[in-house]
Every structure is written in C-alpha cells, then in structure tokens.
Amino acid sequence: MSRALYPGTFDPIHNGHLDIAQRALRLFDEVVVGVYDRPNKALLFSAEERLGLALEAMRALDGGERAKVVVYHGLTVEFARQAGAGTIVRGLRNSVDFDYEWQMAQTNHWMARDVEIVCLFANAPYSFVSATLVREVFTLGGDVHELVPAHVTRALLAKRPASQAH
Ligand code: ADP
C-alpha cells in the first residue's frame, strides 16, 4: 500500500493545492495532508482553522475518503516517517518554486534517504494561484471565490472586519 504526505501551510487551502491533492490521490493509495503548524510567516488562519478547511476540502475530492488531514510540527521528513509515508508530494508552479523545492528536496533526501520527494507540475489554470495572493486580494476587498472552495470563501468573509463588509 502506498502512502504519500502532501505537506504545506495551507493558509488557506486553495484550488491549486486541491488540484495537486486530487492528482496525488490518483497516484497513491492514501494521501496525508500535513498542515504545518508554525511556519516562519504571518498567518491568517490558526492551525486548527487550516486543518478544518483542508479537511472539508479533501472530503469533496474524488477518493477523498482515502485522505487524512493532520497538523504537524517539526521536520517534515520526521513527520513523513511517523505517518508511514514513503513519499512527499510537492507542487511546482514556476522556476521560483523549482529553486526552493530543489534545495528543500535535496535537504530532505539528505536527512532521510528512505523518503522520496515527488513534484507535480501545477496545471495551467492554477499556476498563478498562491495562498499569499488569495490572502492579499481578499484583504484588499477583492473576490477570490474562483480560486478557493466555497467554504473557504465563507471562512475568509468571516475574517473580514465589519467595516469592510460589502
Ligand atoms: P509553502 O510550503 O510554500 O507554504 P503552501 O503551503 O502554500 O506552500 O503549499 C504547499 C504545496 O503546494 C507546495 O508544494 C506548493 O508549491 C504547492 N502549491 C501551492 N500553490 C500551488 C498551485 N497553485 N498549484 C500547484 N501547487 C501549488
């Protein structure tokens, strides 16, 4: 049985993440979405909120019953081992992602030879989407409903100060 870990911050989970997760579900028997609890960046959603949003989104995928969503901290390779995942899946949008992912993959593989890193290329409609972009557009009053599942739009709206609601 093959099990992959798809780790990330998912602040919030968006359609680009879900495209990678859906494709990972076709490649692996089980997919564990690892929500990294304390990244070195400003967050909009708490770890519990990001977990809840990812859980609901994963349930809606084809084969979503074969996915688990778990919050983790510490080294991703250690969490992969704990979760029994022999593969880490990452998404690649562009050359900026590539440079970062290349270095991260080398580091992870250097630390854990038993864990493979597999990168899937972003599909064109999602290749420009990032969680940072979703948060920025939303925070400035923009409409992001085409980039995220409906329940994520609702969660974003609940974060909007009443003074900005329209
Ligand atoms: P990070 O590790 O940079 O915090 P995220 O949590 O936003 O990344 O995303 C987790 C994974 O999803 C990373 O591998 C990232 O490259 C990938 N990813 C993010 N956005 C997209 C997208 N639009 N299409 C495909 N993959 C994506």
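Residues numbered from 1 in each chain as written. Predicted model: local features only at pLDDT ≥ 70, side-chain atom pairs only at ≥ 80, totals over all residues. Heavy atoms only, no water.

K.L.:
Break down the side chain of Arg50 for me, citing the residues and quoting the values.
P.N.:
Topologically, Arg50 is positioned in helix α2 (residues 47-59). Buried and unpaired, Arg50 has no salt bridge, with Asp11 as the nearest side chain of opposite charge at 4.3 Å. At 2.8 Å, the side chain of Arg50 forms a polar contact with the backbone oxygen of Tyr36. Here Asp37 takes part through its backbone oxygen, which lies 3.0 Å from a polar atom of the side chain of Arg50. (Helix = DSSP H or I, 4+ residues; strand = E, 2+ residues; numbered from the N terminus. Buried < 20%, exposed > 50% of the residue type's maximum accessible area, 1.4 Å probe, protein only. Lys, Arg positive; Asp, Glu negative; His and termini not counted. Salt bridge = Lys/Arg side-chain N within 4 Å of Asp/Glu carboxyl O. Polar contact = N/O pair within 3.5 Å; in protein donor to acceptor, adjacent residues only side chain to side chain.)

K.L.:
Explain unusual backbone geometry residue by residue, including any values.
P.N.:
Along the chain, Asp11 connects to Pro12 via a cis peptide bond; the corresponding omega equals 0°. Residue placement: Pro12 occurs in the loop between β1 (3-8) and α1 (15-27). Residues other than glycine seldom take positive phi values, yet Phe10 does so here, at roughly 55°. The residue Phe10 is located in the loop between β1 and α1 in this model. Exposure remark for Phe10: the relative accessible area of 2% places this residue in the buried category.

K.L.:
Mind laying out the nonpolar core, listing which residues take part and the relevant values?
P.N.:
Soluble, globular proteins show a tendency: their nonpolar side chains are buried together. Core analysis: the biggest nonpolar cluster contains 32 residues, and Ile13, Met58 and Val89 have the highest contact counts within it. Listed by contribution, the elements that provide at least two residues to this core are β1, α1, β2 (30-36), α2, β3 (67-72), α5 (131-139) and α6 (150-159). Per element, the largest residue contribution to this core is five residues, and it comes from α1. Counting 13 residues, the second largest nonpolar core, distinct from the first, contains Leu5, Tyr72, Ile88 and Ala112. (Core = buried A, V, L, I, M, F, W, Y, C linked by side-chain atoms within 4.5 Å.)

K.L.:
Any details on the layout of surface pockets? Residues and values, ideally.
P.N.:
To find the voids left in a structure, one rolls a probe of water-molecule size over its atoms. One number sums up the size of the largest pocket: a volume of about 1,000 Å³. Lining the largest pocket are 43 residues, with Gly8, Thr9, Arg90, Tyr100 and Glu101 positioned closest to its centre. Secondary-structure elements contributing two or more residues to the lining of the largest pocket are β1, α1, α3 (76-82), β4 (87-92), α4 (95-111) and α5. With nine residues, the top contributor of residues to the lining of the largest pocket is α4. Looking at the lining of the largest pocket residue by residue, the classes come out as 21 nonpolar, 14 polar and eight charged. (1 Å grid on protein atoms, 1.4 Å probe; cavity = no way out; pocket = protein on both sides within 12 Å on 5 of 7 lines; lining within 4 Å. Points joined across faces, edges and corners; volume = space filled by probe spheres on them. Nonpolar A, V, L, I, M, F, W, Y, C, P; charged D, E, K, R; others polar.)

K.L.:
Give me the lowdown on the pairing of β3, citing residues and values where you can.
P.N.:
Pairing of β2 with β3, which is carried by six bridges, proceeds in the parallel orientation. By the bridge assignment, Val35 is partnered in β3 with Val71. Handedness of the β2-α2-β3 crossover: right-handed. (Pairing = 2+ DSSP bridges. Right-handed = clockwise from strand over helix to strand, strands pointing away.)

K.L.:
Before we move on, could you go through the site of the ligand and cite the residues and values that matter?
P.N.:
Taken together, 18 residues are adjacent to the ligand, and Thr9, Lys41, Gly91, Tyr126 and Val129 come closest. Between Tyr6 and the ligand, the recorded distance is 2.7 Å, taken from a side-chain N or O atom to an oxygen atom. Note that an oxygen atom of the ligand is positioned 3.1 Å from one of the side-chain N or O atoms of His17. In the complex, 90% of the free accessible area of the ligand, which totals 540 Å², lies under the protein chains. Cavity membership is defined here by more than half of the atoms lying within 2 Å of grid points; on that basis the ligand lies in the largest pocket. (Near = heavy atom within 4 Å. Areas by Shrake-Rupley, 256 points an atom, 1.4 Å probe, with all protein chains shown as cover. Sits in = over half its atoms within 2 Å of the grid points.)

K.L.:
Which residues make up a nonpolar patch on the surface, and what values go with them?
P.N.:
A grouping of Leu75, Trp110 and Met111 is seen on the molecular surface, where their side chains present a nonpolar patch of about 340 Å² in accessible area. For Met111, the location among the structural elements is in helix α4. Exposure remark for Met111: the relative accessible area of 33% places this residue in the partly exposed category. (Patch = residues over 30% accessible without salt bridge, like charges linked within 9 Å, V, L, I, M, F, W, Y side chains within 5 Å.)

The quantities given are spatial measurements derived from coordinates; they are silent on function.
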